[in-house]
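Each chain is listed here by its residues.
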Amino acid sequence: MSEVRNQDEVIYQVHDLSVNLRRRGQERVILKSLSFDVRKEECLSIVGPSGTGKTTLLRALAGLIPYAGSVRYLGETLDGPASDVVLVFQDYVNALLRWRTVQKNVALGIEGRIPRDQCQERIDEAIETVGLQNYRDSYPWELSGGMQQRVQIARALAMKPKVLLFDEPFGSLDAMTREGLQDELLRVRSVFQATCVFITHDIDEAVYLGDRLMLLSGSPASLSFEVDIHLGETRNQISTKESGEFLSLRHQVHEQMRKAHGASQSTN
Ligand SMILES: Nc1ncnc2c1ncn2[C@@H]1O[C@H](COP(=O)(O)OP(=O)(O)OP(=O)(O)O)[C@@H](O)[C@H]1O
Ligand SMILES: [Mg+2]
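Before going into details, it helps to say that this report is about the structure given with it. (Residues numbered from 1 in each chain as written. Chains lettered and ligands numbered in written order. Predicted model: local features only at pLDDT ≥ 70, side-chain atom pairs only at ≥ 80, totals over all residues. Heavy atoms only, no water.)

### Observations regarding the overall build of the protein
Inclusion rule: Elements are defined by DSSP. Helices are runs of H or I of four residues or more, strands are runs of E of two residues or more, and each kind is numbered from the N terminus. When we talk radius of gyration, it's over C-alpha atoms, and the globule rule is simply 2.2 Å times the number of residues to the 0.38. With a 1.4 Å probe rolled over the protein chains alone, any residue whose accessible area is under 20% of its type maximum counts as buried; one over 50% counts as exposed, and the rest are partly exposed. Contacts between residues were defined by any pair of non-hydrogen atoms, one from each residue, lying within 4.5 Å. Per-residue accessibility takes into account occlusion by the displayed protein chains alone, with areas from the Shrake-Rupley method and a 1.4 Å probe.
For the protein, the count of helices and strands is 9 helices and 10 strands. Computed over its C-alpha atoms, the radius of gyration of the protein comes to 19 Å, within 12% of the 18 Å expected for a compact globule of 268 residues. Taking the principal axes of the C-alpha coordinates as reference, the protein spans close to 55 × 45 × 40 Å. The burial tally for the protein puts 49% of its 268 residues in the buried class. By sequence separation, contacts in the protein at least 24 residues apart represent 69% of the contacts at least 6 residues apart. Total accessible area on the protein stands at roughly 13600 Å², and carbon and sulfur atoms take up 46% of it.

Next comes the structure, spelled out in structure tokens:
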């Protein structure tokens, strides 16, 4: 699936990745023989039905679980937690510490690691980027769900990571808040230029945010479809989603997902 590229342009090179997980004494193959690259500064969207193994794949990319095959991160074999890689979860409530203010939550990943004045600069920048400057001293429980998710994103940004791994980050938010945060993410990416892997089961979201999209499906899960997304850098919730390119991509992905679902039903 992946083509030969300049090494500097590739953040991850994944070849023949498989992951087995053990539950109640029984080992199961969750991911089987995945091969793909993640390219510098791209947003790679990965869609797949619930329970396929999307989170498992992100955990493998973060270096948090053992795997078979080869995962090279920045040219080196990944054999532990990857540095400069941050995960952003759907569950913002548990990701934030309720007894810490917004500022102190954003500080979590960097405090004690960099000089204090630099730390404050980064916190301020990240908080401003997500538009929470008037809520620095608020506590998570005083904020809406969308705002809490912004805090989690600000915390990730303050760490100035090379890679952001998003695990359905907007999954539990209402449609309007979700669209607002999608646009914010596009804007943040244009400022921070981090490489993103964005996991979701929402096809529209995956197409709207991605530069490339892959479909993870089956049991054990494998990659069954890949497509480049040419929607331009500036995207708009209404005009982009009404464009021929968007509708055609959405159609293709939908069709592939149905095909993959049909195939998995007939083998079960
Ligand atoms: N720690 C674990 N031990 C054993 N099996 C696990 C473990 N974590 C997940 N699994 C199993 O692996 C499969 C894939 O789980 P995973 O959470 O990666 O799916 P997902 O695509 O992220 O699902 P969702 O869309 O619901 O978040 C599931 O069948 C799940 O039961
Ligand atoms: Mg998941």
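This is not the end of the story, as more comes after the structure.
### Structural notes on unusual backbone geometry
Cis rather than trans, the peptide bond between Ser 219 and Pro 220 has omega equal to 0°. Tracing the backbone through its elements, the reader meets Pro 220 in the loop between strand E9 (212-217) and strand E10 (222-228). Of note, Leu 74 is a non-glycine position whose phi angle comes to about 50°, a positive value. Here Leu 74 is to be found in the loop between strand E4 (68-73) and strand E5 (76-77). Positive phi, normally seen in glycine, also occurs at Lys 160, with a value near 45°.

### Some details on the pattern of salt bridges
The condition that has to hold: By definition here, a salt bridge exists when the distance from a side-chain nitrogen of Lys or Arg to a carboxyl oxygen of Asp or Glu is within 4 Å.
Scanning the model with the defined rule gives 16 salt bridges in all. A salt bridge links Asp 228 to Arg 39, with the nearest nitrogen and oxygen atoms 4.0 Å apart. Of the two residues, Asp 228 sits in strand E10 while Arg 39 sits in strand E2 (residues 26-39), which places them 189 residues apart along the sequence. Exposure remark for Asp 228: the relative accessible area of 37% places this residue in the partly exposed category. When the shortest N-O distance is used, the salt bridge between Arg 212 and Glu 226 registers 2.8 Å. Of this pair, Arg 212 sits in strand E9 while Glu 226 sits in strand E10, placing them 14 residues apart in sequence. Ionic contacts of the salt-bridge type, sharing partners, join the residues Glu 42, Arg 212 and Glu 226 into one network.

### Some points on the site of ligand 1
Let me state the cut-off plainly: Near residues are defined by distance, with any heavy atom within 4 Å of the molecule or strand qualifying the residue. In the analysis that follows, any N or O atom pair within 3.5 Å is treated as a polar contact, provided that within protein one partner can donate a hydrogen and the other can accept it, and provided that, for residues neighboring in sequence, both atoms belong to side chains. Any residue outside Ala, Val, Leu, Ile, Met, Phe, Trp, Tyr, Cys, Pro, Asp, Glu, Lys and Arg is labelled polar, Gly included; the first ten of those are nonpolar and the last four are charged.
Close to ligand 1 lie 14 residues, the nearest being Ser 50, Gly 51, Lys 54, Thr 55 and Thr 56. At 3.2 Å, a side-chain N or O of Arg 23 approaches an oxygen atom of ligand 1. Contacts to ligand 1 include Thr 52, whose backbone N or O atom sits 3.2 Å from an oxygen atom. In isolation ligand 1 has 640 Å² of accessible area, and contact with the protein removes 69% of it. Residue assignment for the shell around ligand 1 shows that the elements contributing at least two residues are strand E1 (10-23), E2 and helix H1 (54-61). Looking at side-chain class alone, the shell around ligand 1 contains 3 nonpolar, 6 polar and 5 charged residues.

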